[in-house]
Structures are given as structure tokens and as C-alpha cells.
Amino acid sequence: MLTTLLRLSGFDVAVARKAIDGLILARSFKPQVILLDLSITAPDALVKALKAEVSAEVVLVTGSVNAATVAAAMNVKHVLMKPFEPDDLVRVVIAAAAT
């Protein structure tokens, strides 16, 4: 659903289901924005690796009540709280791309 919504909104989208695949894909795809679900294994390590290797803004996607604290600890500026509306997704991606 996220992929379809983003494509219909005019974004080029690539999808990885595992952290290591996301890092490999980010190296070749060179995204402006990376949506990262906080529920993946070792999200902090992935954010650190992504920031070291690609110049993309990371958006944490989470339902955690501690989202702001977690994002700050990872030095991530953008958070998309679950559940969210399609317009929220597009708004956050556009804001992150403009950063």
C-alpha cells in the first residue's frame, strides 16, 4: 500500500524487507528519503550505517509512544506515527526531501 501510494504521488520507490537489503539498495538507488519501520532488527545500527553511506533523510515509521525520544537518540528529524492517513505519508516524505 505504501509503495502504491507513493508511486501514485509521483515518487520513485524501491523496497527492501530486511535491514541489510535496505543498506545495499540505498547504496545503488541513492534515495532522497528512506522510510524506516522502527520494528526492524537493530534500527539504530541501520540508521548509523545509512547516514555514513548515503545522503538521504530518514523517516522513522512507528507506533511507539517513545518515538520522539528514539528519533532524537538516532539523530532522525522526521517521524511518521502509525496509524497514519495517506496525506500524512506524502506530507512527511515531501518535508523530509526538502531538508
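Scroll up to find the structure.
How each quantity is defined
- Residues numbered from 1 in each chain as written.
- Predicted model: local features only at pLDDT ≥ 70, side-chain atom pairs only at ≥ 80, totals over all residues.
- Heavy atoms only, no water.
- Helix = DSSP H or I, 4+ residues; strand = E, 2+ residues; numbered from the N terminus.
- Rg over C-alpha atoms; globule rule 2.2 N^0.38 Å.
- Buried < 20%, exposed > 50% of the residue type's maximum accessible area, 1.4 Å probe, protein only.
- Areas by Shrake-Rupley, 256 points an atom, 1.4 Å probe, with all protein chains shown as cover.
- Lys, Arg positive; Asp, Glu negative; His and termini not counted.
- Charge placed at Lys NZ, Arg CZ, Asp CG, Glu CD.
- Pairing = 2+ DSSP bridges.
- Right-handed = clockwise from strand over helix to strand, strands pointing away.
- Core = buried A, V, L, I, M, F, W, Y, C linked by side-chain atoms within 4.5 Å.
- Contact = heavy atoms within 4.5 Å.
- Expected span 1.5 Å × (residues − 1).
- Arc of directions from axis to C-beta.

Undergrad: Requested: an account of the overall build of the protein, with residues and values cited.
TA: Of the regular secondary structure elements, the protein holds five helices and three strands. The helix and strand sequence of the protein, counted from the amino end, reads α-α-β-α-β-α-β-α. A compact globule built from 99 residues should have a C-alpha radius of gyration of about 13 Å, and the protein, at 12 Å, falls within 12% of that. The principal-axis extent of the C-alpha atoms belonging to the protein is close to 35 × 30 × 25 Å. Looking at the protein as a whole, 33% of its 99 residues qualify as buried. A total of about 6,200 Å² of accessible surface is found on the protein, and carbon and sulfur atoms cover 56% of it. Where the 10 positive side-chain charges of the protein centre and where its 9 negative ones centre are 6 Å apart.

Undergrad: Got a sec to walk through the pairing of strand β1 (residues 33–37)? Specific residues and values, please.
TA: With five bridges joining them, β1 and strand β2 (residues 57–62) adopt parallel strand pairing. The partner of Ile 34 across the bridge, within β2, is Val 58. In this region the chain leaves β1, passes through helix α3 (residues 43–53) and returns to the parallel neighbour β2; the handedness of that crossover is right-handed.

Undergrad: Could you give an account of the nonpolar core, naming the residues involved and the relevant values?
TA: Judged by nonpolar contacts, the single largest core of 15 residues is most densely connected at Leu 50, Leu 60 and Val 76. Among the elements of the structure, α2 (19–29), β1, α3 and β2 are those that each provide at least two residues to this core. Top element by residues in this core is α3. It accounts for three residues. Excluding its chain neighbours within four sequence positions, the residues that come into contact with Val 76 are Val 47, Lys 51, Val 58, Leu 60 and Ala 71. Counting eleven residues, the second largest nonpolar core, distinct from the first, contains Leu 6, Val 13, Val 61 and Ala 96.

Undergrad: Describe helix α5 (residues 86–97), and please don't skip the residues or the numbers.
TA: Look at α5: 17 Å from first C-alpha to last across twelve residues, which is about the 16 Å you get at 1.5 Å a residue. Considered for burial, the residues of α5 that qualify are Leu 89, Val 90, Val 92, Val 93 and Ala 96. Burial along α5 is one-sided: seen end-on, the buried residues are contained in an arc of 165°. On its buried face, α5 is in contact with α1 (2–8), β1, β2 and β3 (78–81).

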